[in-house]
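# Structural characterization, general
Listed below, chain by chain, are the residues.
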Amino acid sequence: MTKPGKFSIQLSGTFILLSIIISTLLAFSVGWISRLVLLTSAGINPFHSDSTAVALREASSASSSAIDAILDDASSRGMSGKDVIKQLPAPKVLAGKQVPYTTYTSKSFPNEGTSTSNTLHIDRTVPLYISAQSKKEFDGGPDFRSDTKKSTGDDKGWKPLNADPPCDACSRGKEKKNELSTTTEGEDDSAEASSINEDGHNDDSDGLHLPAGQHLLVDIKDVDSEFLNSEERLASAMIDLTNESKLTLLSYHCHSLVPIGVSCAGVLLESHVAFHTWPLEGVITLDLFTCGGGKLVPLMPLIERLFSVKQTPSEGENEEDIPEPTLLWAHKLRGFREGFAPGYVRTSNPLDEGLGWSVLGRLDFDMKRPLLSTKTAFQHVDIYEVINPDHRDLESYQMSLSNTDGAYESMHPELFIPNKILFLDGVQQSTLYGDAPYHESIVHPAMFTHENPKRVAIIGGGEGATLREALKHNTVEKAVMIEIDEDVVQLSREYLKEWSDCSNLVGSANDCFEDPRAEVRYEDAMQYFISGFPTDEAVNGSDKFDVIVMDSLDPNVKISYAVDLYSNDAYIESLYNGLTESGILVIQLGESNTDDDPADEVGKFENRAIIKDKLKEVGFKSMHIYTEEHCEFQWPWTILVAFKDANTKQNWHRSAAETDLEIRKRLLTTKSGHPALRNYDGATHYNYQLPPKSFEISYCRQEETPDECAVLNTDEFVGVVEEEDDSSIAYNPVLERRLNHKVKADKLAM
């Protein structure tokens, strides 16, 4: 019994235990929430611990020193919960750029896969401050102005504020008119159409936002891991890329990833730039898309300089053993131009031709290096050096450059050098590895068919390889090359020396253009022949040629000059007049057709059909088509020979042994002792004697089917031929193929 005024409380053990647990949980919760609020407000992700780093070390196959360096950098970024606030560079307005003000909308989502997240916007303060203080603005100066642009600015680029039209005269930060799109009074629409197909082919300078752009894709491996894991260095490289390429970076957003790696995306006034890194693997992938008119391919050296950072050797590692970064890239035209840009013609844009889809558009080349990209008075000239892994590989090429004893590659380096490709107006002309098959096939079949070719004319052939092959014949006294574009010749002599190399020929010069038998004329070949050989009687016979080789534009190139080469009556007649009585004309006719193609007259080879008809009209008695499959074009290449005298075709059908004998008698000897020819011989010529089956098929698909196409029996073919004058059958692949088979069958039966 208790005393009055006293009381006691009895607590069970369970109650006491629960009270302790609840108090502890409450204290922990308050502390955890407070920590969460404080760290989040400081921009640090509170959910990561050093356990991530430990797991990374155990899982990675990279060297421990490289990982330690990466993890040290990751810790400095807050990966381990350290209170470090990141300072990334902000993009700035470039001098001379009128950048419209934009609205910004974003949405960020919490993600445990990132340790930091940063967004930077364009800094307009400096140019605005300078303009406000000086009452002037910067127009870029002479380096930013076109030759024809009128400006009130001084030589340093400063002009009175608002001296030029306001920003509504601009389109996406570029001037509305420039030297590519301005036409003077009195000029017709063709000038405007021409400008659209020049360097500003997808420029918005005419005020029209074309739904088109350019896309540059870049993959680089063997890059320094620390660089790939440094958000600051990568962001700086991205800003340098946009600044030096005269692009405008409006804002960018970067994430440092967990456990390592960086992803960044930048919004350009012209479109976007983005990249992602894999530091442990030493890989970065980058893409740049612009809808502006500036070309992106010339930016590749800049991208390589900024992002191909070589790995740092670890302690005890030899720097010579560190591989150089390997860069793969592709350029693609995106969107739509035809139908949106008035006057745009796809075939007039080199990037929309073979250069674009056969070289620039491929991402799998082990090497792709532009040696030259320029424009002459007549055409765009591009030369690329490439290694296609389908044929050669970078490792073998690098081995061929070493002095490794006994290595096959180092003993035969000439077999592993990169290929060179020449493009004119985006159309492939020749390659280093296809040089011999193409140029030997266009020259020697006709030259060896002629009994004694002394004078040879070459139309086009600016690389010098066609001239080189003609000069190999000891019968040649004069080889006249008529090339309208002197710059192509000089550029080829500098960048494609192999094409005009005659140093191995006994009695020739080191440079084929310096051979005393060679005469190079820089003029329009069409006018040369029309003015020099207007009629068959008007020209002194000594000036005529035994062989004329037309190595010029393809017949399916849709430009007026190319069409004239295959359809101009006066020109084609002058070619006939310019030949001796036993003369031979050679014409390259572009890619071969297939057995699925329609007749030449109604298909894409219309010009091929036209010139065959016109050659017959002017008097050529016999014509033959053959193809060469090793020129390294996308398709077998077609060549036509036309004989002024029908009897010449007897030499065309020599046996392989007879042709080999002529080769031994005719060709100049070589200093090396190796054969002067790499592709052509008697067996090759034997395969040229008959046109492919596809030409017979397309011939029979004419609107009016020739009678001989319906005759299957070979004896009936003989009757068809006997009913007509054999000399009048200038071109007939059906009769040529089947009668030749009969002749060979008769010989075998004897």
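About the thresholds
Counting starts from 1 at the beginning of each chain's written sequence and moves along it residue by residue. With the structure being a predicted model, the display of local features is reserved for residues of pLDDT at least 70 and the display and counting of side-chain atom pairs for 80 or more, all residues being used for whole-chain, interface and lining totals. To obtain the side-chain values, all non-hydrogen atoms of the structure were used and water was disregarded. Paired strands are those between which DSSP finds at least two bridges. What counts as a helix is a DSSP run of H or I of at least four residues, what counts as a strand is a run of E of at least two, and both are numbered from the N terminus. Only the contacting stretch of a helix is used when fitting its axis, a line to C-alpha atoms as for every element, and angles between N-to-C directions run 0 to 180 degrees. In protein, a polar contact requires one atom able to donate a hydrogen and another able to accept it; more generally it is a pair of N or O atoms within 3.5 Å, and residues adjacent in sequence count only if both atoms are side-chain atoms. Residues are treated as being in contact if the distance between any of their heavy atoms lies within 4.5 Å. For each residue, the accessible area found with a 1.4 Å probe, counting protein chains only, is set against the maximum for its type, and the residue is called buried under 20%, exposed over 50%, and partly exposed in between. The directions from the helix axis to the C-beta atoms are what the arc is built from.

## Some thoughts on the sheet that holds strand β10 (residues 283-290)
- Pairing within the open sheet is antiparallel, and its seven strands lie in the order β1-β7-β8-β9-β10-β6-β11. With one partner strand each, in any of the chains shown, β1 (114-121) and β11 (326-335) form the two edges of the open sheet. Taken over all neighbouring pairs, the strand axes of this sheet differ in orientation by 10° on average, direction set aside.
- When strand β6 (residues 212-221) meets β10, the two strands line up antiparallel, connected through seven bridges. Across the sheet, the residue bridging to H215 is F289, located in β10.

## Some points on the side chain of E736
- Here E736 shows up in helix α24 (residues 733-749).
- Within polar-contact distance, the side chain of E736 engages the side chain of H624 at 2.4 Å.
- Residues within four places of E736 in sequence aside, it is in contact with M623, H624, Q689, L690 and P691.

## A short note on the sheet that holds strand β17 (residues 478-482)
- Reading across from one edge, β18-β17-β16-β19-β20-β22-β21 is the order of the seven strands in this open sheet, with mixed pairing throughout. The open sheet is flanked by β18 (518-521) and β21 (622-628), the only strands paired with a single partner. For this sheet, the mean inter-axis angle between neighbouring strands, taken without regard to orientation, is 15°.
- Here seven bridges tie β21 to strand β22 (residues 637-643), and the two strands are oriented antiparallel to one another. Looking across to β22, one finds that Y626 is bridged to I639.
- Its contacts with the sheet place helix α15 (residues 525-532) against β16 (455-460), β17, β18 and β19 (545-551), and it is angled at close to 120° to β17.
- Contacting β16, β19 and β20 (579-591), helix α17 (residues 569-577) runs over the sheet at an angle of about 135° to β20.

## What about helix α8 (residues 300-307)?
- Taken together, the buried positions of α8 are M300, L302, I303, L306 and F307. Projected down its long axis, α8 carries its buried residues within an arc of 155°, all on one side. Of the exposed residues in α8, the ones pointing more than 90 degrees away from its buried face are P301 and R305.
- Packed against the buried residues of α8 are β6, α6 (225-228), α7 (231-244), β10 and β11.

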